[in-house]
Amino acid sequence: MTFPSRLMAILSSDEYSHIIGWLPHGKGFIIFQKKQFEAEVLPRYFKQSKFTSFTRKLNRWGYYRVPRGNEMGAYYHKLFTRDNPRLCFRMSCDKPPTTEEDMLKAVATTVNSLQQDSSNTVVQSPATNFQTQGTALNDAVAARELALRRQTLLLRMEQERSLRMGLYLQLLKSKRSGSVSPPSIQQLPISSLSTSLLLGDRQSNDRQLSPTTLRRAEAA
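None of the values given here were measured: they were computed from a predicted structure. (Residues numbered from 1 in each chain as written. Predicted model: local features only at pLDDT ≥ 70, side-chain atom pairs only at ≥ 80, totals over all residues. Heavy atoms only, no water.)

Quick rundown of the packing of aromatic side chains? Include the residues and the values.
Following the criterion strictly, the structure yields 14 aromatic pairs and no others. Measuring from centroid to centroid gives 5.8 Å for Phe 29 and Phe 80, while their planes differ by 65°, and the two rings are edge-to-face. Pair noted here: Phe 29 is in strand β2 (residues 28-31) and Phe 80 is in the loop between β4 (75-76) and α4 (100-117), with a separation of 51 residues, a long-range link. Grouping residues by exposure puts Phe 29 and Phe 80 together as buried. Ring centres of Phe 51 and Phe 54 lie 6.2 Å apart, and the angle between their planes is 40°; on these two criteria the pair is classed as tilted. One end of the pair, Phe 51, and the other, Phe 54, are both in helix α3 (residues 51-60), three residues apart, so they sit about a helical turn from each other. The same class applies to Phe 51 and to Phe 54, which are both buried. One aromatic cluster is present, formed by Phe 3, Trp 22, Phe 29, Phe 37, Phe 46, Phe 51, Phe 54, Trp 61, Tyr 63, Tyr 75 and Phe 80 through successive ring pairs. (Phe/Tyr/Trp six-rings, centres within 6.5 Å; stacked < 30°, edge-to-face > 60°. Helix = DSSP H or I, 4+ residues; strand = E, 2+ residues; numbered from the N terminus. Buried < 20%, exposed > 50% of the residue type's maximum accessible area, 1.4 Å probe, protein only.)

Could you give me a rundown of the sheet that holds β2, with the residues and numbers involved?
Ordered by their spatial adjacency, four strands build an open sheet running β1-β2-β4-β3, and the pairing between neighbours is antiparallel. The sheet terminates laterally at β1 (20-22) and β3 (64-65), the two strands that pair on one side only. The sheet contact formed by β1 and β2 spans three bridges and is antiparallel. Residue Trp 22 lies in a different strand from β2, and its bridge partner there is Phe 29. Here helix α1 (residues 3-12) sits on the sheet in contact with β1 and β2, set at roughly 90° to β1. (Pairing = 2+ DSSP bridges. Contact = heavy atoms within 4.5 Å. Axes fitted to C-alpha atoms, helices over the stretch in contact; angles between N-to-C directions.)

Structure representation (structure tokens):
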């Protein structure tokens, strides 16, 4: 038996109805007693002996957990319903996301599935919250990259300024010995990196980022 079919068998039995059960509409389930579930149900039906391992298995099979509201802690899947149990045989186990891009794709897929297959407002509200979290994560990453880039530019400018000052001091020392006439410090060689480049880069990025992202970049 697959993981969803075992879980369906548990929910279909009255033996554990005080520990785990369907929500009234039959589109999701909730675990009432986590400690009892871990002690009595997991060793009998699953290889996992800890509740945290069981929840990770739920995530790999695509179950969505409601994070807040009247159904907080309940789990949903579009192919896992009380009224049509045979749908669970169409479920598949995916590898857990390993990169930030994979995580965002998984969130987007879950949001789209819930919006298309369920009209329950309690479920759609947390799904919308996932979209907001995904946008906030993108803004945070962009703000961090911008802050690091500015720090790198400022460091390079400081290094070039120190180098130019050192060259000037060497030439001045040579002047005192009568070997060469030193140029002004403005005439010493320096790369195209300048304050205008830093400001131009900042203005270009500022136009592409939201006010929240810019505040985070300034704070960094």
